[in-house]
Amino acid sequence: MYFADRTDAGRQLAARLVHLEGHDVVVLGLPRGGVPVAAEVADALGAPLDICLVRKLGVPSRPELAMGAIGEGGVRVVNEQIVRDAGVAARDLEAVEERERTVLAERARAYRGSRRPVPLEGRTAVVVDDGLATGATALAACRAVRAGGAARIVLAVPVAPHDWTTRVGGEADETVAVHTPAGFAAVGQFYQRFDQTPDAEVVALLDRSREEHGPAVRHTAVRIPADGPVLPGDLAVPDGAAGLVLFAHGSGSSRHSPRNRSVAAALNRAGLGTLLFDLLTEAEAGDRSRVFDTPLLAERLGRAAAWTSGRAETEGLPRGYFGASTGAAAALWAAAAPDDDVAAVVSRGGRPDLAGERLAGVRAPTLLIVGGRDDLVLDLNRRAEALLRCESRLEIVPGAGHLFEEPGTLEEVAELATAWFTRHFGAAAGKDQ
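Residues numbered from 1 in each chain as written. Predicted model: local features only at pLDDT ≥ 70, side-chain atom pairs only at ≥ 80, totals over all residues. Heavy atoms only, no water.

### Some points on the sheet that holds strand E2 (residues 49–51)
Pairing within the open sheet is parallel, and its 5 strands lie in the order E2-E1-E6-E7-E8. Each end of this open sheet is capped by a strand with a single partner; those strands are E2 and strand E8 (174–179). The sheet shows a mean angle of 25 degrees between the axes of neighbouring strands, direction not considered. Where strand E7 (residues 152–159) and E8 come together, 5 bridges link them in parallel fashion. Bridged to valine 159 within E8 is histidine 179. In this fold helix H2 (residues 34–45) packs onto strand E1 (25–29), E2, strand E6 (124–128) and E7, with an angle of close to 165 degrees to the strand it touches most, E1. (Pairing = 2+ DSSP bridges. Helix = DSSP H or I, 4+ residues; strand = E, 2+ residues; numbered from the N terminus. Axes fitted to C-alpha atoms, helices over the stretch in contact; angles between N-to-C directions. Contact = heavy atoms within 4.5 Å.)

Here it is in structure tokens:
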């Protein structure tokens, strides 16, 4: 017996992995028992923790015996020798796989909710389980991680049979085990405590890691083609982003707006991606007719949204629009386009009246945030809300003026926007599953 429990095993394993610190590592635990072990490794390396979802394909007459495994992304590994020896028919194997695919999808929703998996592209992925027996699950996990774009895979377990590297078949770039005994019957024999890990513990460990480390945010300076001019922008995508918010700034402002950047930072901390970009070129920004050309600004916002759908880090993410002042009219105009699938819209001190008749065509849930001291804009937003036929809400921030410069008012805007986008992105993701 080598380990008191999975936490002890994780600490011992982490001591063998210190050479990976600082190498852009993502630690992936195999649910459920591998996650407590992986959590200790992630803490030691200061790395984000996520899960690698795989399911064992058990022999129908002996479910504890793995004849293969499946993973996310359509990964499938079958041990043909065990299938033959156990006399498993093709239809029975198919039935087991179909059942486990259903469980896999349910586990993904239970563990991650609306969050996407942590991006693996170009990173070192450390795949961790509480031990390795047949190797089928670990093999499927490595293949799933490789398909996710990891540059390097490290398969790490507290205990495995002495010939375990042969069983894995070179699927990992590096293998690490604390103990590799010759006498190996089952993983549990090497633990003093080997109780089943409940789902609630897996979720709690993932949430704790996210709260302690926060999602790593990748910032990229981008250039967006807009049917003529190329518009500069700043794209920020947290690991496991649940959605992407595109900002439409108001007149006289740009992607450098301190107020929009403050809201964007709050959204990033909540696990949402953001794109701040200039709707106009420097030359165009001096032309007042362009500044108030709502159809033009809306068209460019829509083009930017389409552009994000073709990027690896933002493809498939539910999208939202955050419009400020005159930019809110552009956001609402774009949201009313028949082919626009935006999931939510938020307006801060907006001029929805500039969207005119297009308001009735907006389908995305819309939140209108107005300062309590901004009388003219407040009246315009009340009239606009009456014209909206989608789910909508008007939030008045007491004591705030048009620019939300009063202490605490912009923070309230960020909280309202975060809650609105998070709720509706989650609903959009649920429809797609």
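That was the structure; now back to the text.
### Observations regarding the packing of aromatic side chains
Under the counting rule described, the total for this entry stands at 7 aromatic pairs. Ring geometry for tyrosine 191 against phenylalanine 194: centres 4.9 Å apart, planes inclined by 40 degrees, an arrangement best described as tilted. Accessibility expressed as a relative area gives 3% for tyrosine 191, which makes it buried. Residue classification places phenylalanine 194 among the partly exposed positions, given a relative accessible area of 31%. Looking at arginine 6, its charged tip hangs above the ring of phenylalanine 194, at a distance of 4.3 Å from the centre. Sitting above the plane of the tryptophan 420 ring, arginine 423 keeps its charged end 5.3 Å from the centroid. (Phe/Tyr/Trp six-rings, centres within 6.5 Å; stacked < 30°, edge-to-face > 60°. Buried < 20%, exposed > 50% of the residue type's maximum accessible area, 1.4 Å probe, protein only. Lys NZ or Arg CZ within 6 Å of the ring centre and 35° of its normal.)

### A look at the pattern of salt bridges
Across all of its chains, the model carries 29 salt bridges by this definition. Notably, a salt bridge pairs glutamate 313 with arginine 311, separated by 2.9 Å at the nearest N-O pair. Where arginine 383 meets aspartate 379, a salt bridge forms, and the shortest distance between an N and an O atom there is 3.2 Å. A residue pair is termed a helical-turn pair when its members lie 3 or 4 positions apart in one helix, as arginine 383 and aspartate 379 do in helix H13 (residues 375–387) at 4 residues. Residue class for arginine 383 comes out exposed when judged on its relative accessible area of 55%. For aspartate 379, a relative accessible area of 32% gives the class partly exposed. Among the charged side chains, a salt-bridge network with shared partners connects Asp24, Arg123, Arg218 and Asp239. (Salt bridge = Lys/Arg side-chain N within 4 Å of Asp/Glu carboxyl O.)

### Considering the packing of helix H1 (residues 6–15) against H2
Where H1 contacts H2, the two axes come as close as 7 Å, and the packing angle between them is 40 degrees. By the angle between their axes, H1 is oblique relative to H2. H1 and H2 meet at a crossing whose hand is right-handed. Two secondary-structure elements touch here, H1 through Arg6, Thr7, Ala9, Gly10, Arg11, Leu13 and Ala14 and H2 through Pro36, Val37, Glu40, Val41 and Ala44. (Parallel < 35°, antiparallel > 145°, perpendicular 65-115°, else oblique. Left-handed = near helix turned anticlockwise from the far one by under 90°.)

### Some thoughts on the packing of helix H11 (residues 294–308) against helix H12 (residues 326–335)
Working note: a packed helix pair is described by the angle between its axes plus the distance between those axes. The N-to-C vectors of H11 and H12 enclose an angle of 65 degrees; their axes lie 8 Å apart at closest approach. With respect to each other, H11 and H12 are oriented roughly perpendicular. In this structure, H11 crosses over H12, and the sense of that crossing is right-handed. Where H11 abuts H12, its residues Thr294, Pro295, Leu297, Ala298 and Leu301 lie against Ala329, Ala330, Ala331, Trp333 and Ala334. Of the residues contributing to the contact of H11 with H12, the split by class is 9 nonpolar, 1 polar and no charged. (Nonpolar A, V, L, I, M, F, W, Y, C, P; charged D, E, K, R; others polar.)

### Brief notes about the confidence of the model for the protein chain
Do not read the fine detail of predicted coordinates wherever pLDDT is low. Confidence in the prediction of the protein chain, expressed as mean pLDDT, is 91, and 98% of residues score 70 or more. Helix H10 (residues 288–291) is the least confidently modelled element of the protein chain, averaging 81 in pLDDT, while strand E15 (residues 366–371) averages 98, the highest of any element. (pLDDT = per-residue confidence, 0-100.)

### Re H1
For H1, every residue scored as buried is listed here: Arg6, Ala9, Gly10, Leu13 and Ala14. Mapping the buried residues of H1 onto a view down its axis gives an arc of 135 degrees, with all of them on the same face. Those residues of H1 that are exposed and angled more than 90 degrees off the buried face are Arg11 and Ala15. Buried residues in H1 make contact with H2, E6, E7 and E8. (Arc of directions from axis to C-beta.)

### Some words on the sheet that holds strand E3 (residues 54–59)
Strand order in the open sheet made by the 3 strands is E3-E4-E5, with antiparallel pairing throughout. Only two strands of the sheet have a single neighbouring strand rather than two, namely E3 and strand E5 (75–78). The average undirected angle you get between the axes of adjacent strands in this sheet is 40 degrees. Pairing of E3 with strand E4 (residues 62–71), which is carried by 6 bridges, proceeds in the antiparallel orientation. Across the sheet, the residue bridging to arginine 55 is isoleucine 70, located in E4. Packed onto the sheet, helix H5 (residues 136–147) meets E3, E4 and E5 and runs at close to 150 degrees relative to E5.

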